[in-house]
Amino acid sequence: LLFCTQVYGQYAHQNISLMSVFDDAGVVPEPVYGIRYQGCWGWKNPADGREYGFIGSTAGTYMIDVTDPLHPVMSDYVQGASTARIWHELKTYDHYLYIISDGGGNTFQIADLNYLPDSVHLVYDSDSLFDSGHTLYVDSNLLYVAYVSKVGMPTSSMSVYSLADPERPVLLRRLDADYPVINTVHDIYVVNDTVFASCGGQGLYIYRYDRTSNHFVQLGSLTTYPDQGYNHSSFLDRTHTMLYMMDEVPDGMAVKVVDVTDIANPTVVDTFSSNPNATPHNPYVLGDELFCAYYQDGVQAFDITDPQHPVLNGYFDTHYQNPTGIYTYPPYQGCWGIYTDLPSGHLLASDM
């Protein structure tokens, strides 16, 4: 399954096959890079077993029934306060979808998914907590939001919120209250209160959120490493010993395999790329498979049975290259994100 903006045809692929495409021709591209779609996520309704895909666009969020992967059906659309957002990210907790965007002038939205496939109900639509957040992650009953801002308030590099009441998140702690040296957290991967924070030009920092003391505690960092750029995002393997880390800027950077067995001293043990000049954006691990969302190279799947040495196992290039195969500049074209966890085993991929 593919959420994309292209006229789809004979895309290069291996071991991953296109099942269907959803694209609303009415989505207006933002003016700088021509981006129309951004992050995606998925959810299975435990009440009836139906599967859904969600994707953010410049003006709002689409709720798509993908139970029949050959015939996706739009169930609902949630309009945003802004109609020109270049970044949207989404995550679920229980039967709620959390929707954020970066750039200001928007709202934080929470949608109750229990009413699907007919519709969704917005239960929260406000800028009282924040109006801009770059990425988010849910771990247990905590919501982490990276690079949070609100008009009239200082920017938070990262904040954590309680989801004890899923419809009314409550701010618990800002990272800058404990570590003001961190300018920005770009993306986050969290497991069991341990936060792997991609901090842009400052590198990778690892924190633990201590629920008892309501403080962040630094566990380790990686501030100098091979092929270093703007530290964008990361994801752990299933053994929690290897971290797959991506640098977004400049374009064409390699993916880093980081040994975090000694969490106080992370070490890069390997680097790899899909193709020269392609830019890795977001990694996702499912079992012994690493799925990488690549600008201009689509979905790239790597076998990580040996987690230190990923081996290409398949791909689907969502971004049709020109006949010369040249990667154009700027690189912000192609695959933004992948959702791997639908029980059916179908993949969702968002193409800008």
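Refer to the preceding data block for the structure.
Conventions and cut-offs
- Residues numbered from 1 in each chain as written.
- Predicted model: local features only at pLDDT ≥ 70, side-chain atom pairs only at ≥ 80, totals over all residues.
- Heavy atoms only, no water.
- Helix = DSSP H or I, 4+ residues; strand = E, 2+ residues; numbered from the N terminus.
- Rg over C-alpha atoms; globule rule 2.2 N^0.38 Å.
- Buried < 20%, exposed > 50% of the residue type's maximum accessible area, 1.4 Å probe, protein only.
- Contact = heavy atoms within 4.5 Å.
- Areas by Shrake-Rupley, 256 points an atom, 1.4 Å probe, with all protein chains shown as cover.
- Pairing = 2+ DSSP bridges.
- Axes fitted to C-alpha atoms, helices over the stretch in contact; angles between N-to-C directions.
- Salt bridge = Lys/Arg side-chain N within 4 Å of Asp/Glu carboxyl O.
- Phe/Tyr/Trp six-rings, centres within 6.5 Å; stacked < 30°, edge-to-face > 60°.
- Lys NZ or Arg CZ within 6 Å of the ring centre and 35° of its normal.

A. Geometry of the overall build of the protein chain. Counting its secondary structure elements, the protein chain contains 0 helices and 29 strands. What you see for the protein chain is a C-alpha radius of gyration of 19 Å, in line with the 20 Å of a compact globule of 352 residues. Counting only C-alpha atoms and orienting by the principal axes, one finds that the protein chain spans roughly 55 × 45 × 40 Å. Split into buried and exposed, the 352 residues of the protein chain put 57% on the buried side. Nonlocal contacts in the protein chain, meaning residues at least 24 apart in sequence, comprise 48% of its contacts between residues at least 6 apart. Total accessible area on the protein chain stands at roughly 13,700 Å², and carbon and sulfur atoms take up 51% of it.

B. Spotlight on the sheet that holds strand 9 (residues 96-102). In space, the 4 strands of this open sheet follow the order 8-9-10-11, with antiparallel pairing throughout. Each having just a single partner strand, strand 8 (87-93) and strand 11 (121-126) make up the two edges of the open sheet. Neighbour to neighbour, the strand axes of the sheet diverge by 20 degrees on average, direction disregarded. Here strand 10 (residues 108-112) runs beside strand 11; their pairing, made up of 5 bridges, is antiparallel.

C. Structural view of the environment of V257. Along the chain, the position of V257 falls in strand 22 (residues 255-259). According to the relative accessible area criterion, V257 is buried, its value standing at 0%. Each C-alpha atom, one on V257 and one on W43, is 29 Å from the other, the two residues being 214 residues apart in sequence. Setting aside residues no more than four positions away along its own chain, V257 makes contact with M242, L243, Y244, T267, V268, V269, D270, F272, P307, Q308 and P310.

D. Expanded view of the pattern of salt bridges. Counted according to the given criterion, the structure contains 8 salt bridges. Here R36 makes a salt bridge to D23, at a shortest N to O gap of 3.2 Å. Highlighted residues: R36 in the loop between strand 3 (21-22) and strand 4 (37-44) and D23 in the loop between strand 3 and strand 4, separated in sequence by 13 residues. Since its relative accessible area comes to 33%, D23 is described here as partly exposed. For R50, the salt bridge is made with D65, and the minimal N-O distance between the two is 2.9 Å. In this pair, R50 sits in the loop between strand 4 and strand 5 (51-57) while D65 sits in strand 6 (residues 60-65), placing the two residues 15 residues apart along the sequence. You can call R50 partly exposed: its relative accessible area is 30%.

E. Expanded view of the pairing of strand 13 (residues 142-150). In terms of strand pairing, strand 12 (residues 132-139) meets strand 13 through 7 bridges, oriented antiparallel. Bridge pairing in strand 13 places T135 opposite A146. Two successive antiparallel strands, strand 12 and strand 13, enclose a turn made up of 2 residues, where S140 displays a positive phi of approximately 55 degrees. Sheet topology note: the strand 13/strand 14 (residues 153-162) ladder contains 7 bridges and is antiparallel. From the neighbouring strand, A146 faces strand 14, where its bridge partner is M158.

F. Here's a closer look at the packing of aromatic side chains. Inspection of the entire model under this criterion finds 20 aromatic pairs. Here the aromatic rings of Y189 and F196 are separated by 6.4 Å at their centres, their planes lie at 50 degrees, and the arrangement is tilted. Both residues of the pair, Y189 and F196, belong to the buried class. Linked through ring pairs, Y98, F108, Y124, F130 and Y161 together constitute an aromatic cluster. For the cation-ring pair, K91 lies above W41, with the distance from its terminal atom to the ring centre recorded as 4.6 Å.

G. Spotlight on the sheet that holds strand 7 (residues 73-79). Taken together, the 4 strands give an open sheet; going across it, the order is 4-5-6-7, and neighbouring strands pair in antiparallel fashion. A strand with exactly one partner marks an edge of an open sheet, and here the two such strands are strand 4 and strand 7. Taking the axes of each pair of neighbouring strands and ignoring which way they run, one obtains an average angle of 20 degrees across the sheet. Here strand 5 pairs with strand 6 via 5 bridges, running antiparallel. Bridging from a neighbouring strand, Y52 pairs with D65 of strand 6.

H. Broad picture of unusual backbone geometry. In this chain, L116 is followed by P117 through a cis amide linkage whose omega measures 10 degrees. Within the fold, P117 resides in the loop between strand 10 and strand 11. In this structure, P250 follows V249 across a cis peptide bond, with omega equal to 0 degrees. Inspection of the secondary structure assignment puts P250 in the loop between strand 21 (242-247) and strand 22. One non-glycine residue, N214, adopts positive backbone phi at about 55 degrees. Along the chain, N214 falls in the loop between strand 18 (204-210) and strand 19 (215-222). Notably, D227 is not glycine yet its phi reads approximately 50 degrees, a positive angle. Counting through the fold element by element, D227 comes out in the loop between strand 19 and strand 20 (231-236).

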